[in-house]
Amino acid sequence: MSRVKAIVTYKREPITLSLCHPSTHDHNSLPNGFLFSPLLLPSKSLNHSLPAPSMDSDKDNLMHDGPESQFGGSFICHTANRINSRGYWLGENPLAFSVPLFLIQVFIIFIFTRFSHVLLKPFGQPSFVSQILGGVTLGPSILGHYSAFTNNFFPVRGRNVLDTLAFFGFMIFIFLLGVKIDPTIIFRSGKRTFAIGILCFFVPYTLSGLVAVFINHFASLDHAISKGLPTVVEIQCITAFPVISCFLTELHILNSEIGRLASSSSLVCDVCFGLVMMLKFAAKLTSTKSIGVTIGSLFSSALLVFFIIFVVHPAALYAINHTPEGKPVQEVFIIGTLIILIFCGFIGEVIGLDAIVVSFMVGLAIPDGPPLGAALVDKLECFVSVVLLPLLFAVVGMRTDVFAIQKMKTLGIVELIICVAFIGKILGALLPLLFYRMPFRDAISLSLIMNCKGTVELALLMNMKLKNVLDDELFSILVLTLVLVTGIVSPVVKALYDPSRRFLAYKRRTILHHPSEEEFRILACIHKEDNVLAVLNLLAASNPSEKARIDLVVLQLVKLVGRAASVLVSHKPRDKPGEKIFNPFTKFEDVYRGKVTLHCYKGISPYATMHNDVCYLALEKRITFIIIPFHKQWIIGGMAESSFAFKQLNKNVLEKAPCSVGVLIDRGNQKKFWCGYMNESTYLVAVLFFGGADDREALAYAKRMLDQPNVNITLFHFSSAENDVVGGTDRSKKLDTQILSEFRLSGFRNDRVTYKEEDVMNGRDVLSVIEYMESYYDLVMVGRKHEDSQLMSELKKWKHGELGTVGEILASLNIGAKTSVLVVQQQTKFWGSRDPEESTHLRRVNI
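Below: a short report on this structure. (Residues numbered from 1 in each chain as written. Predicted model: local features only at pLDDT ≥ 70, side-chain atom pairs only at ≥ 80, totals over all residues. Heavy atoms only, no water.)

Regarding its fold elements, the protein chain presents 26 helices and 18 strands. By the burial criterion, 52% of the 847 residues in the protein chain qualify as buried. A separation threshold of at least 6 residues defines the contact pool for the protein chain, and within that pool the share at least 24 residues apart is 81%. Surface accessibility of the protein chain: about 39300 Å² in total, with carbon and sulfur atoms responsible for 59%. (Helix = DSSP H or I, 4+ residues; strand = E, 2+ residues; numbered from the N terminus. Buried < 20%, exposed > 50% of the residue type's maximum accessible area, 1.4 Å probe, protein only. Contact = heavy atoms within 4.5 Å. Areas by Shrake-Rupley, 256 points an atom, 1.4 Å probe, with all protein chains shown as cover.)

Below is the structure:
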């Protein structure tokens with residue numbers, strides 16, 4: 001077979017056809033089984049079919065009258081019905097069939113994008129950068145430069161399937177991002193957020209737009225460059241919320257102060273961009289089309305928007321209301337949502353709206369979070385992000401050709417506009433941030449984050465490329481610059497901004513140094529209903545009184561599911577059956593009216609950064625003591641599986657908290673002591689004292705319980721006549737002696753206080769004492785860290801972990817189903833010091 005190139009002219013616009021035909025002299029027909037296939041997607045306005053051209057053997061020029069719709073692209077013919085291969089052994093090339101060709105393409109794309117991610121992740125690069133570079137590797141810049149690779153694995157005839165599926169995957173991806181977004185966040189944003197969002201769009205848009213107009217007016221530019229400059233300006237001024245959200249998640253700062261500000265500001269910036277684009281579209285439509293076309297287009301678009309608002313959104317609410325709490329969403333609701341999405345996308349394409357834009361609007365109509373939004377994300381996100389979305393990176397990469405960049409003049413002009421937009425966006429973010437007195441380092445970090453680009457900008461560039469708005473040179477420059485800027489910004493932001501820096505307290509916030517006349521501020525973290533009872537019993541034992549009031553902050557920690565932005569909001573408990581977390585604390589406040597002040601919060605964030613919510617709230621509320629549940633949950637008859645996510649959360653809180661922390665181990669069989677004012681029940685507490693700052697903190701907490709009439713305290717002091725029980729400085733040992741003497745003095749003639757001196761020689765003696773406790777006590781308290789000694793070295797052979805040596809032993813041994821364990825860590829650092837035992841002038845003992 002031979003090839004003939006032909007030209008079809010549509011309204012003075014040439015279309016190049018590459019036609020296969022048999023090597024005969026009959027040019028008026030093609031053999032049966034051959035079809036025309038477009039290499040480039042047609043413009044969105046085309047809604048007709050191209051008739052088979054007639055060929056003139058003398059002129060090789062085809063003229064055909066077409067509609068007003070502009071239609072451009074290359075075509076190739078290929079045999080039809082070649083879907084599945086019979087196999088290599090039967091003499092067929094599997095790559096000549098669509099199914100095996102598509103499978104090997106997806107396999108190659110997956111391998112290259114994931115391999116790039118593995119290579120670049122240690123350098124702090126987000127997944128977007130590594131995936132697009134993996135796609136570029138497959139394009140004409142590297143592997144695609146060799147015709148053998150391209151012709152075998154990514155032939156021209158296979159591009160349509162790959163392109164279509166890539167954009168379909170991006171459509172589902174954008175839909176899921178819309179589902180994760182709560183559009184009402186704009187109305188809850190403060191003045192600072194609005195100022196950043198508005199200025200981050202209009203400042204770079206104005207500056208880069210003026211530069212583009214100036215260059216276009218005074219410099220002689222090619223038609224392709226002149227036509228593409230407005231697109232360059234628009235792409236550089238976008239700060240896409242989905243991109244920023246993904247970027248913040250990968251940097252683990254989504255629920256930091258900067259993360260929340262960047263998320264909400266980017267959403268405001270997106271609204272500004274959308275409004276400007278709508279106005280430009282309407283102006284262009286009215287100036288180039290008839291009144292009838294303009295009215296029809298705008299009316300049909302408005303009708304689709306009304307359908308999404310007043311039909312799709314109420315239908316989603318109906319599905320949510322008919323899903324019982326804690327139950328999975330019915331399959332019919334999931335299927336119905338997907339059917340509506342596809343239908344709305346089709347209608348959008350019919351009336352001239354991009355299906356991607358429509359899918360985003362449909363996603364916004366679905367309430368974020370559980371049950372429906374979370375179910376959609378859970379079912380679709382993995383397949384979309386792992387399989388379909390990398391296809392988009394490959395499609396872009398295979399059209400990015402570094403060899404197409406040949407004119408230094410074009411490169412200089414485009415980079416100048418990009419630099420002006422970059423600086424403009426930094427100025428737009430810095431001005432309001434400095435006005436609101438944000439630290440300069442944090443302000444720079446946020447302004448750099450607002451310059452990040454990603455999948456949304458990439459898809460817009462690809463769309464402009466397919467519409468021939470951008471030529472190969474301009475497209476390649478923009479893609480490579482986009483990747484370069486994001487690749488540089490990511491490690492810079494990671495180096496500049498560490499959210500844990502601001503968790504450093506300026507004074508000692510420990511129980512030991514807490515003034516007795518001040519309110520005792522406690523932050524109780526709750527994961528689920530099972531954590532509530534043990535926390536309430538501990539709070540009741542903490543002796544809330546009119547003289548020693550407790551200011552209690554309860555934070556419910558919820559995993560971020562089906563949402564794009566983290567949430568930390570004040571919560572008002574309501575007396576209804578569904579409020580199983582906060583209602584018991586409300587009743588606790590009523591029981592101790594005038595002695596306890598309650599504040600309830602709900603934090604929804606990824607497990608990896610959940611500690612930011614805890615530490616931020618502890619700093620804001622000037623908390624003295626944080627109570628967090630242990631990562632293992634005991635149930636009657638055994639122990640439930642531990643949660644690695646909770647384990648990492650506890651580890652991060654212990655490391656970064658601005659105050660003292662207690663890890664509460666609940667074995668799931670507690671009595672309701674906090675209601676003991678009705679039945680005069682007692683609460684038995686044991687304190688294990690070896691020595692060190694953490695043990696002193698645990699003993700100081702026990703001192704607060706001395707005045708609670710229903711609490712009995714037993715102090716076990718471990719000592720040895722031969723060796724030190726724990727290591728440490730002489731100063732530390734003096735402080736141990738002092739606090740023990742003061743505790744015994746406070747408990748003198750108090751029949752609810754028992755002091756036991758335990759002389760131990762080795763680790764087995766300590767284990768014997770612990771095992772002797774059995775299930776006698778309701779609560780056992782011990783410090784987390786102990787200085788190295790021979791005794792502690794022996795104990796580490798039995799158990800060692802994040803709770804410290806003794807804490808891990810208490811958590812693992814069966815010392816009674818009803819016994820809870822509180823492992824206490826004193827504040828590890830404060831401003832100007834990392835040693836909890838230095839700065840004697842700051843020390844204040846209230847015992």
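To continue, consider the side chain of Asp354. Along the chain, the position of Asp354 falls in the loop between helix 11 (331-351) and helix 12 (355-365). The exposure class of Asp354 is buried, given its relative accessible area of 18%. Within polar-contact distance, the side chain of Asp354 engages the side chain of Asn463 at 3.4 Å. (Polar contact = N/O pair within 3.5 Å; in protein donor to acceptor, adjacent residues only side chain to side chain.)

Within the chain, Arg437 stands out as a residue other than glycine whose phi angle is a positive 60 degrees. Of note, Arg437 is situated in the loop between helix 14 (408-435) and helix 15 (440-449). Despite not being glycine, Asn543 has its phi angle at roughly 60 degrees, a positive value.

In this model, helix 23 (residues 730-746) (17 residues) spans 24 Å end to end at C-alpha, consistent with the 24 Å of a helix rising 1.5 Å per residue. Of the positions making up helix 23, those classed as buried are Ser732, Leu735, Asp736, Ile739, Leu740 and Phe743. Considered in projection along helix 23, the buried side chains sweep an arc of 130 degrees and stay on one side of the axis. Opposite its buried face, helix 23 presents the exposed residues Asp730, Lys734, Thr737 and Leu745, each directed more than 90 degrees away. At its buried positions, helix 23 is contacted by strand 14 (683-689), helix 22 (693-704), strand 15 (711-719) and strand 16 (753-759). (Expected span 1.5 Å × (residues − 1). Arc of directions from axis to C-beta.)

Time to look at the sheet that holds strand 6 (residues 520-526). On the basis of which strands lie adjacent, the open sheet formed by 11 strands has the order 8-9-7-6-10-13-18-17-14-15-16 and mixed pairing. At either end of the open sheet lies a strand with only one pairing partner, and these are strand 8 (567-570) and strand 16. Averaged over all pairs of adjacent strands, the angle between strand axes in this sheet comes to 20 degrees, irrespective of strand direction. In this sheet, strand 10 (residues 625-629) lies alongside strand 6 in parallel orientation, the contact comprising 3 bridges. Bridge assignment links Ile522 to a residue of strand 10, and that residue is Phe625. Strand contacts of helix 22: strand 6, strand 10, strand 13 (660-665), strand 14, strand 15, strand 17 (779-783) and strand 18 (820-825), with the helix running at about 145 degrees to strand 17, the strand carrying the most contacts. Packed onto the sheet, helix 24 (residues 763-773) meets strand 14, strand 15, strand 16 and strand 17 and runs at close to 165 degrees relative to strand 15. (Pairing = 2+ DSSP bridges. Axes fitted to C-alpha atoms, helices over the stretch in contact; angles between N-to-C directions.)

Attention now goes to the pattern of salt bridges. Enumeration according to the criterion identifies 8 salt bridges in this entry. A salt bridge links Lys465 to Asp472, with the nearest nitrogen and oxygen atoms 2.9 Å apart. (Salt bridge = Lys/Arg side-chain N within 4 Å of Asp/Glu carboxyl O.)

Of all 5 residues in strand 10, 5 are buried, a share of seventy percent or more. By the alternation rule, side chains of strand 10 split into Phe625, Ile627 and Pro629 and Ile626 and Ile628, which are all buried. Summarising the sheet, strand 10 and strand 13 pair through 5 bridges and their orientation is parallel. Bridging from a neighbouring strand, Pro629 pairs with Leu664 of strand 13.

By the element assignment, Lys407 lies in the loop between helix 13 (372-397) and helix 14. Its relative accessible area of 42% is what places Lys407 among the partly exposed residues. Spatially, the C-alpha atom of Lys407 lies 8.5 Å from that of Glu473, the residues being 66 residues apart in sequence. Not counting the four nearest positions on each side in its chain, Lys407 is found in contact with Asp222 and Glu473.

On to the packing of helix 25 (residues 790-798) against helix 26 (residues 804-812), then. Here helix 25 crosses helix 26 at 40 degrees, and the two axes come no closer than 9 Å. By the criterion of interaxial angle, the relationship of helix 25 to helix 26 is oblique. The element helix 25 and its partner helix 26 pack so that their crossing is left-handed. Contacts between helix 25 and helix 26 involve Met792, Leu795 and Lys796 on the former and, on the latter, Thr805, Val806 and Ile809. Of the residues contributing to the contact of helix 25 with helix 26, the split by class is 4 nonpolar, 1 polar and 1 charged. (Parallel < 35°, antiparallel > 145°, perpendicular 65-115°, else oblique. Left-handed = near helix turned anticlockwise from the far one by under 90°. Nonpolar A, V, L, I, M, F, W, Y, C, P; charged D, E, K, R; others polar.)

What follows is about the packing of aromatic side chains. A complete count under the given rule lists 17 aromatic pairs for this structure. Summarising the aromatic geometry, the rings of Phe149 and Phe154 are spaced 5.9 Å apart at their centres and angled 45 degrees between planes, so their arrangement reads as tilted. For Phe154, a relative accessible area of 2% puts it in the buried group. Centroid distance Phe201 to Tyr205: 5.2 Å. Interplanar angle 15 degrees. Geometry classified as stacked. (Phe/Tyr/Trp six-rings, centres within 6.5 Å; stacked < 30°, edge-to-face > 60°.)

Moving on: the pairing of strand 16. In this sheet, strand 16 lies alongside strand 15 in parallel orientation, the contact comprising 7 bridges. Paired with His717 across the two strands is Glu757, which belongs to strand 16. Regarding topology, helix 23 serves as the crossover connection from strand 15 to the parallel strand 16, and that connection is right-handed. (Right-handed = clockwise from strand over helix to strand, strands pointing away.)

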